Amino acid sequence: MEHQPFAEVQSARPVLDQIANKWSVLILTVLCPRPSRFNAIMRRLDGITHKALTEALRRLERNGLVNRRVIASSPVAVEYSITPLGLSLRAPFEALYAWASDHSPEILAAQRSYDERGGAEHPAREVGQTAACAPVGAR
């Protein structure tokens, strides 16, 4: 990754805060192939609460990634669909998913190793300082 000035990294932060959280990624993944109603999305996302789904859908709609359509029926239904802007995240999300699938065994092994060493009981260490990744702001 190219080293970017701190100001550029900070300008991307609000956008990343909106789209790079667990529920946003999963909701967009559910909506990518076809529009879905609220309850269908909720069933697909085991563990999400009604409140968390409502808040995430509002945030995604506000950011132009999801459309909300009220269907005049009895009872009234609401259907959500992904926008072209939201769809433009498909390739990055697929790449992230592929990376997670490919590296899952390594991540699980690292977690086991960390837990076996006592995890958080170890003295504090500097995080993110490797040859490839200097801390943000040090660039």
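Okay, the confidence of the model for the protein chain next. Mean pLDDT over the protein chain: 83, with 83% of residues reaching 70 or higher. Every residue in residues 126-139 scores below 50 in pLDDT, and together they form 10 contacts with partners more than four places removed in sequence or on other chains.

Further remarks concern the sheet that holds strand E3 (residues 77-82). Within the open sheet, the three strands sit side by side as E1-E3-E2. Their pairing is antiparallel. Strand pairing shows two members of the sheet lacking a second neighbour, strand E1 (36-37) and strand E2 (66-71), which therefore form its edges. Where E2 and E3 come together, six bridges link them in antiparallel fashion. Bridging from a neighbouring strand, Arg 69 pairs with Glu 79 of E3. Where helix H2 (residues 22-31) meets the sheet, it contacts E1, E2 and E3, and its direction lies at approximately 95 degrees from that of E3.

What counts and how
- Residues numbered from 1 in each chain as written.
- Predicted model: local features only at pLDDT ≥ 70, side-chain atom pairs only at ≥ 80, totals over all residues.
- Heavy atoms only, no water.
- pLDDT = per-residue confidence, 0-100.
- Contact = heavy atoms within 4.5 Å.
- Pairing = 2+ DSSP bridges.
- Helix = DSSP H or I, 4+ residues; strand = E, 2+ residues; numbered from the N terminus.
- Axes fitted to C-alpha atoms, helices over the stretch in contact; angles between N-to-C directions.

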